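Residue strings, one per chain:
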Amino acid sequence: MTNREIPYKIYLSEQELPKKWYNVRADMKNKPAPLRNPGTLQPMTLEELSGVFCRELALQELNDTDPYIDIPEEIQSFYKMYRPSPLVRAYCLEEKLGTPAHIFYKFEGNNTSGSHKLNSAIAQAYYAKRQGLKGVTTETGAGQWGTALSMACSYFGLDCKVFMVKVSYEQKPFRREVMRTFGASVTPSPSPTTRVGREILEKFPGTTGSLGCAISEAVEAAVTTEGYRYVLGSVLSQVLLHQSVIGLETKTALDKYGVKPDVIIGCAGGGSNLGGLIAPFVGEMLRGEADYQIIAVEPASCPSMTRGKYVYDFCDTGMVCPMAKMYTLGSSFIPTPNHAGGLRYHGMSSIVSQLYHDGYLTARAVEQTEVFKAAEEFCRVEGILPAPESSHAIRVAIDEALKCKETGEAKNIVFGLTGTGFFDMTAYEKFNDGLMSDYIPTDAEIEKSLSRLPKVDL
Ligand SMILES: *Cc1c(COP(=O)(O)O)cnc(C)c1O
């Protein structure tokens, strides 16, 4: 029997909740490369960004100097309705694995949207409201972001137009209905309602859509509708800033018990939960105060960090958004439809990309059947049905814990459990029926989309 001196769930009091977000860019010597205007190739100015994003969010996007940014009272109040999220000591999983490792997970699925996305959605809706906007547009892939944003918009009385990647729209009708229940309108993407959607439909009839394409449509809808701005649930530096609440709470909770993590693991789609979880820890690394092993986990079917290139690329298929320097598979990369596990975006946050490039973190690609095996093993002992995205982190946490079993090391392993998988039962059904397969893109396929990278020398 393990000595259970640390509680199963480490909660913080309201007083211990973060009052400021931590902006890791302030401590980075090599700053993430700026977003650039695809026409002029110059760094995007505040004025240009303010045409697409709310002004305060554009300011946050450009801010790579202030280490701390106040969380407005209204957002703090909203956070208090569902935060702190628990940091759970996975005693049962440890016992089942027979590992000497100590496993902790930060569980972000304890709100109706079922994921960490609400942390940024409420911030973005707040700034839109304060600017006097009528509404916002966005894209959603698996649906968690759209759900989180519809909750945040209904809280502040904003209109919310969601472009949902077609394959998810069809596979996840209930996710769509949650959004509509919170008052959002949901359009499958690509759609005939935008110019870029019509173009894509013409070029690739029968396409199941992609995040990059839905982003183009949402941006077009925002800039062509009076009183609307576009909001994005991942990738952007402002989103990583808001998600720093995950890491700040985790660090406070671990510090309370004198636990120093050895390994920190997060799944990486656009990089927002990972960037938020690791922020205060990477901050210590950047300032030379501590050292951690950080692992970003991505799907083998959409391996932007492990097989992509670190270059300027378009953030969207329609090439209407600013260009970002990031690890990317090319904006024309569309993961195979047999890929069920989220994390389908072709690129990676420029902050996470730069940190990875500078060696502060490593990346690992895992196949989806292995991911679902880990999900099953986890849920049977820990009692949480994890999102497929989150299960990428579970996979690697289990792998690391099993390594400890071999070496006898009692490492502290912390991973981000970003959400629940109740709307992913089609994927679980496939797995349970033994029909899930893995698909790893060939070098030729990746080369093909990389060959369409913008021809710029930046
Ligand atoms: C969106 C999402 C992710 C991936 O997005 P990141 O920006 O990489 O964090 C992971 N897990 C869940 C549950 C999500 O909803």
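Residues numbered from 1 in each chain as written. Predicted model: local features only at pLDDT ≥ 70, side-chain atom pairs only at ≥ 80, totals over all residues. Heavy atoms only, no water.

*Asks:* How do you make sense of empty space enclosed by the protein when you look at a structure like this?
*Replies:* Here the idea is plain: a probe the size of a water molecule rolls over the atoms and shows the empty space left. According to the stated counting rule, one finds 6 cavities of 30 Å³ or more in the structure shown. In this structure, the largest cavity spans a volume of roughly 430 Å³. Together, 29 residues line the largest cavity, and Lys 117, Leu 211, Ser 234, Gly 270 and Leu 343 are the ones closest to its centre. Contributing elements (two or more residues each) for the lining of the largest cavity: β6 (135-140), α6 (144-156), α10 (211-223) and α12 (272-286). Taken together, the residues of the lining of the largest cavity sort by class into 10 nonpolar, 15 polar and 4 charged. (1 Å grid on protein atoms, 1.4 Å probe; cavity = no way out; pocket = protein on both sides within 12 Å on 5 of 7 lines; lining within 4 Å. Points joined across faces, edges and corners; volume = space filled by probe spheres on them. Helix = DSSP H or I, 4+ residues; strand = E, 2+ residues; numbered from the N terminus. Nonpolar A, V, L, I, M, F, W, Y, C, P; charged D, E, K, R; others polar.)

*Asks:* What is the right way to look at the sheet that holds strand β8 (residues 185-189) in this model?
*Replies:* Two pairing modes exist for strands in a sheet, parallel and antiparallel, and in both the strands are linked by backbone hydrogen bonds. Read across the open sheet, the 4 strands follow the order β8-β7-β6-β9; overall the sheet is parallel. One side of each edge strand has no neighbouring strand; the edge strands of this open sheet are β8 and β9 (228-230). Adjacent strand axes in the sheet meet at a mean angle of 25°, parallel and antiparallel pairs treated alike. On top of the sheet, α6 reaches β6 and β7 (159-165); it is set at about 165° to β6, its chief contact. In the packing of helix α8 (residues 173-181) onto the sheet, the strands contacted are β6, β7 and β8, and the crossing angle to β7 comes to about 170°. (Pairing = 2+ DSSP bridges. Axes fitted to C-alpha atoms, helices over the stretch in contact; angles between N-to-C directions. Contact = heavy atoms within 4.5 Å.)

*Asks:* Could you clarify how one ought to interpret the layout of surface pockets in this entry?
*Replies:* Its volume calculated, the largest pocket comes out at about 690 Å³. The element contributing the most residues to the lining of the largest pocket is helix α9 (residues 195-203), with 5 residues. Its residues placed into classes, the lining of the largest pocket shows 11 nonpolar, 10 polar and 6 charged. For the second largest pocket, the lining is made up of 18 residues, of which Ala 33, Pro 34, Leu 35, Glu 61 and Ser 237 are closest to its centre.

*Asks:* Just to check I follow, could you spell out the site of the ligand for this structure?
*Replies:* In the vicinity of the ligand lie 18 residues, with Lys 117, Ser 234, Gly 269, Ser 272 and Thr 418 positioned nearest. In the complex, 94% of the free accessible area of the ligand, which totals 380 Å², lies under the protein chains. At a threshold of 2 Å from the grid points, most atoms of the ligand map onto the largest cavity. Mapped by element, the contributors of at least two residues to the shell around the ligand are α12 and α16 (388-407). For the shell around the ligand, a count of residues per class yields 4 nonpolar, 12 polar and 2 charged. (Near = heavy atom within 4 Å. Areas by Shrake-Rupley, 256 points an atom, 1.4 Å probe, with all protein chains shown as cover. Sits in = over half its atoms within 2 Å of the grid points.)

*Asks:* Just to check I follow, could you spell out the pattern of salt bridges for this structure?
*Replies:* Oppositely charged side chains may form a pair once their charged atoms are brought near each other. Taken as a whole, this structure holds 25 salt bridges when the rule is applied. The closest approach of N and O atoms between Lys 96 and Glu 377, which form a salt bridge, is 3.6 Å. Taken as a pair, Lys 96 in helix α4 (residues 91-97) and Glu 377 in helix α15 (residues 368-382) lie far apart in primary sequence, 281 residues in all. You can call Lys 96 partly exposed: its relative accessible area is 45%. (Salt bridge = Lys/Arg side-chain N within 4 Å of Asp/Glu carboxyl O. Buried < 20%, exposed > 50% of the residue type's maximum accessible area, 1.4 Å probe, protein only.)

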